[in-house]
Amino acid sequence: MKYVLEAQHINKYFRKPVLFHVLKDISFTIEQGEFASIMGKSGCGKSTLLYILSTMDTDYDGKLFLNEELATGESRQKLSYLRNKHIGFVFQFHYLLSEFSVLENVMLPAKKLGEKTFEEIEHDAMEKLKVLGIDKLAKKRASRISGGEKQRVAIARALINNPSIIMGDEPTGNLDSYNSENVFSIFKQLSDEEGLSLLVVTHDMDFAKRTDRIITMEDGKLIS
Amino acid sequence: MINWTIILSIARTHLLTKIKQTAIAALGVTFGIGAYITLVCFMTGLNKMLDDLILNQTPHVHIYNEIEPSKKQPIALYDEFKNSFNVVHSIRPKLTQKKIHNALPIIDYLERNDNVRGALPQIKTQIFYISGSIDIGGNLTGISPLDEAKFFNMSDYIVEGSAQDLHNTDNGILLGIGIAEKMSLDIGDRIQVSPISGEVFSLKIVGFYQSGIADLDAIQSFTNVKTVQRILGEAENYITDINVKLHDISQAVSMSKEIEQKFKLKAIDINTANAQFETGTTIRNLITYAVSITLLIVAGFGIYNILNMLIYEKMNDIAILKATGFSGKDVQLIFMSQAIIIGVVGGILGLLMGLGLSLLIDRLPFATEALPTIKTYPINHNPWFYFIGIVFALISTFFAGFLPSRRAKKIDPVTIIRGQ
């Protein structure tokens, strides 16, 4: 089986305000098509781990493989490219560019990647929005839509470059139960139907239970 | 790999959604550049006018016979007092002729020199203007009217009539405007003048001369060289002054020294004659540039401030752009291009504003006694000022954008995303 993501002996220290060992020797893998969730109490380091896995945080010891290629030690320019092409990110807060339209927000990462023409990107973006049932909002400004809609737009944006893995940092943490359910079923559907790999940090036990695999963290260590 | 289309489209969206802020930042540049252009065009125009006031009228080298005491008094030639300390009282100037000896060959010689634009003979003499029983003392200068107009902008100071009229009229006179007013004379009237020898000559008024210096205009008149020679009863080689105009003014000093040595005459160069004038010009230019640079720097700080605020507001955008695969450099370029766009738009508007204001000033009436032919404020429309203006607008906006955008480049997306 192909590994989409592999972490080998990752250690991370916070140096300020005092030296603190956040992540202690973390090793695990995510297989292709796997829908995994990371659970743990606040402050156990699960978000920190996610930012390392997403290549945004480069200050750690150990090795990180993305699509079986070593990502550790690459230049920032190259990491930006890897993130752009292989990782889709969904945050707790929706983080859309509020001055752009929904469609432009979704198209942005694809335009940056620059592998397709403008028409193709626009077509793809509309497709993604349709899959998520928000194609009617395409021309609206991102600041004018509701929270649940914003999160779905963020998911569409994460999908636009057909990434190898989607990472979520409490994607349902800020949503009501109806919208949470909605986001979960979208994830589930993507996992089942498209064979997409997902790694989601969550507090929500119900959410985690329904994923393929739960990775539990405590005090910076993996315990299962 | 930098994708300019997307960077520019993000920059454009940022600028357009905050159109008021953008407009204020651009207006800062516009006023800075506009004021710079106006100021520098006006000030240098003024400077040029003041310079011309002096340069046009003043010969680069003025050659004449100075009345002065001999440098070597006779006692110095006497060997017996060689080693003693001699005191000579009541030194008198040496008796010399007023005319320049061999003036015509000297003029020929000077005109053969490549650096000389023109060497013009003049005869200066004292006369009386006679009106009934009243005599008014004055100066009459014999000139070659057409050459004076060509080399010394004589026409600028002829308020009525022309140099051509004087050239064409044998017994014509170009009368100082002050004398004309005193004697209630008009063009076509005749005036009687008398040299010191006592004879009376009648001359026809062909025009009026106004230098702008009232004292001078009340005594000075001009006529042809030949007319003065006739009045004084002198031969055709009687010339008292030679005025030389050079191609390269910086050669004036060496030229005057050479002439003094060669012909044993007094030769005054323009720098010696008008030492204070260059100092004035330098200081005026200095003030102009100090004020302009201050204006541009203030505009630059305006842009810096607004971009800084913009970046604070856009922290989330920066984080999300970086998380979705934009590199720090892309983000920096987004903000840099915003600064440059503000600079270009503001700068071009500033050039237009400067052009408009200086054209306006160029049309404002400006009447001065000193320069009778100038009717409006002087403006120096030099394309270089516009070039410097736009370059400075670009450079200052570049630096004003560089520091904030470098900060945007360095922002760590993780701290922002986690900070929420």
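The rules we used
Residues numbered from 1 in each chain as written. Chains lettered and ligands numbered in written order. Predicted model: local features only at pLDDT ≥ 70, side-chain atom pairs only at ≥ 80, totals over all residues. Helix = DSSP H or I, 4+ residues; strand = E, 2+ residues; numbered from the N terminus. Rg over C-alpha atoms; globule rule 2.2 N^0.38 Å. Buried ≥ 20, exposed ≤ 12 C-beta atoms within 10 Å, placed from the backbone. Contact = placed C-beta atoms within 7 Å. Pairing = 2+ DSSP bridges. Axes fitted to C-alpha atoms, helices over the stretch in contact; angles between N-to-C directions. Core = buried A, V, L, I, M, F, W, Y, C linked by C-beta atoms within 7 Å. Nonpolar A, V, L, I, M, F, W, Y, C, P; charged D, E, K, R; others polar. Domains from an automatic or database assignment. Parallel < 35°, antiparallel > 145°, perpendicular 65-115°, else oblique. Left-handed = near helix turned anticlockwise from the far one by under 90°. pLDDT = per-residue confidence, 0-100.

### Overview of the overall build of chain A
Along chain A, the regular secondary structure elements total seven helices and 10 strands. Compactness check: chain A gives a C-alpha radius of gyration of 17 Å against a globular reference of 17 Å for 224 residues, within 12% of the reference. C-alpha atoms of chain A, sized along the principal axes, occupy 50 × 40 × 40 Å. Within chain A, the fraction of its 224 residues that count as buried is 48%. The contacts of chain A with a sequence gap of at least 6 include a subset with a gap of at least 24, amounting to 72%.

### Observations regarding the overall build of chain B
Within chain B one finds 15 helices and 10 strands. Radius of gyration (C-alpha) of chain B: 34 Å, far over the 22 Å computed for a compact globule of 420 residues. Dimensions of chain B, computed from C-alpha atoms along their principal axes, come out at roughly 105 × 65 × 40 Å. In chain B, which comprises 420 residues, the share counted as buried stands at 38%.

### Points about the sheet that holds strand 8 (residues 197-201) of chain A
Strands belonging to one sheet form pairs held by backbone hydrogen bonds; the direction of such a pair is parallel or antiparallel. Residue and element names in this part refer to chain A. In space, the six strands of this open sheet follow the order 6-7-8-3-9-10, with mixed pairing throughout. Among the strands making up the open sheet, the edge pair consists of strand 6 (87-90) and strand 10 (221-222). Bridging between strand 6 and strand 7 (residues 165-169) involves four bridges; their strand directions are parallel. What sits directly across from Val90, in strand 7, is Gly168. Packed onto the sheet, helix 5 (residues 147-159) meets strand 6 and strand 7 and runs at close to 170° relative to strand 6.

### Observations concerning the nonpolar core
One finds Leu53, Val106, Ile165, Leu198 and Leu199 of chain A together with Ile303 and Leu307 of chain B to be the most contacted residues of the largest nonpolar core, which totals 115 residues. If near-sequence neighbours (up to four positions away) are discounted, Leu198 of chain A is found in contact with Phe35, Ala36, Ile165, Ile166, Phe187 and Ser191 of chain A. Among the nonpolar cores identified, the runner-up in size contains 47 residues, and Ile106, Phe208, Ile242 and Ala252 of chain B belong to it.

### Quick notes on the interface of chain B and chain A
Listed as interface residues are 19 residues of chain B and, on the opposing side, 23 residues of chain A. Where the side of chain B that touches chain A is concerned, the elements lending two or more residues are helix 1 (4-17), helix 12 (315-323) and helix 15 (413-419) of chain B. Partitioning the side of chain B that touches chain A into residue classes produces seven nonpolar, 10 polar and two charged.

### Considerations on the pairing of strand 2 (residues 20-31) of chain A
Residues and elements named next belong to chain A. Here eight bridges tie strand 1 (residues 3-14) to strand 2, and the two strands are oriented antiparallel to one another. What sits directly across from Ala7, in strand 2, is Phe28. In this antiparallel pair of consecutive strands, strand 1 and strand 2, the connection spans five residues.

### Quick look at the domain arrangement of chain B
Each assigned domain of chain B is listed here: domain 1 (4-55 + 277-419) and domain 2 (61-69 + 96-269). Taking the mean C-alpha position of each, domain 1 of chain B and domain 2 of chain B sit 52 Å from one another.

### A short note on the packing of helix 3 (residues 102-113) of chain A against helix 4 (residues 118-131) of chain A
What describes two packed helices is the angle between their axes and the distance between those same axes. All names here are of chain A. Between helix 3 and helix 4, the shortest axis-to-axis distance is 9 Å and the interhelical angle comes to 125°. It follows that helix 3 is oblique to helix 4 by the angle criterion. Considering the relative orientation of helix 3 and helix 4, their crossing is right-handed. Here helix 3 contributes Leu103, Val106, Met107, Ala110 and Lys111 to the contact with helix 4, which in turn contributes Ile121, Glu122, Asp124, Ala125, Lys128 and Leu129.

### What about helix 3 of chain A?
Counting buried positions over the 12 residues of helix 3 of chain A gives 11, a clear majority of the element. Here helix 3 of chain A has its buried residues at Val102, Leu103, Glu104, Asn105, Val106, Met107, Leu108, Pro109, Ala110, Lys111 and Lys112 of chain A. At its buried positions, helix 3 of chain A is contacted by helix 2 (76-86), helix 4 and helix 5 of chain A together with helix 1 of chain B. Gly114 of chain A sits one or two residues past helix 3 of chain A and shows a positive phi near 70°.

### Describing the sheet that holds strand 2 of chain A
Residue and element names in this part refer to chain A. Taken together, the four strands give an open sheet; going across it, the order is 2-1-4-5, and neighbouring strands pair in antiparallel fashion. Taken across any chain shown, the strands that pair with only one partner, and hence form the sheet edges, are strand 2 and strand 5 (69-70). Direction of pairing for strand 1 relative to strand 4 (residues 61-66): antiparallel, over a ladder of five bridges. Its bridge partner being in strand 4, Glu6 is matched across the sheet by Phe65. Taken strand by strand, helix 1 (residues 46-53) contacts strand 1, strand 2 and strand 4, and its axis lies near 125° from that of strand 1.

### Description of the environment of Pro383 of chain B
All names here are of chain B. Looking at the element boundaries, Pro383 is found in helix 14 (residues 383-410). For Pro383, a count of 7 C-beta atoms within 10 Å corresponds to the exposed category. Along the chain, Pro383 and Cys41 lie 342 residues apart, while their C-alpha atoms are 9.9 Å from each other.

### Re unusual backbone geometry
Within the chain, Glu170 of chain A stands out as a residue other than glycine whose phi angle is a positive 45°. Within the secondary structure, Glu170 of chain A sits in the loop between strand 7 and helix 6 (177-194). Under the C-beta neighbour-count criterion, Glu170 of chain A is labelled buried, with 20 such atoms within 10 Å. The residue Ser90 of chain B is not glycine, and still its phi comes out positive at about 50°. Within the secondary structure layout, Ser90 of chain B lies in the loop between strand 1 (61-64) and helix 3 (103-112). A count of 4 C-beta atoms within 10 Å places Ser90 of chain B in the exposed class.

### Here's the deal with helix 1 of chain A
Residue and element names in this part refer to chain A. Among the eight residues in helix 1, seven count as buried, and that is most of the element. By the burial criterion, the buried members of helix 1 are Lys46, Thr48, Leu49, Leu50, Tyr51, Ile52 and Leu53. Thr55, located one to two residues past helix 1, shows a positive phi value of around 70°.

### Here's the deal with the environment of Ile75 of chain B
All names here are of chain B. Tracing the backbone through its elements, the reader meets Ile75 in the loop between strand 1 and helix 3. Judged by the 13 C-beta atoms lying within 10 Å of it, Ile75 falls in the partly exposed class. Taking the C-alpha atoms as reference points, Ile75 and Gly161, 86 residues apart in sequence, are found 56 Å from one another.

### Points about the confidence of the model for chain B
Averaged over every residue, the pLDDT of chain B is 85; the share at 70 or more is 98%. This complex was scored by the predictor with a pTM of 0.70 and an ipTM of 0.83.

### Looking at the pairing of strand 4 of chain A
Residue and element names in this part refer to chain A. Of the pairings in the sheet, the one linking strand 4 to strand 5 comprises two bridges and is antiparallel in character. Paired with Leu66 across the strands is Glu69, a residue of strand 5. Linkage of strand 4 to strand 5, two consecutive antiparallel strands, is achieved through a turn of two residues, within which Asn67 is found at a positive phi near 50°.

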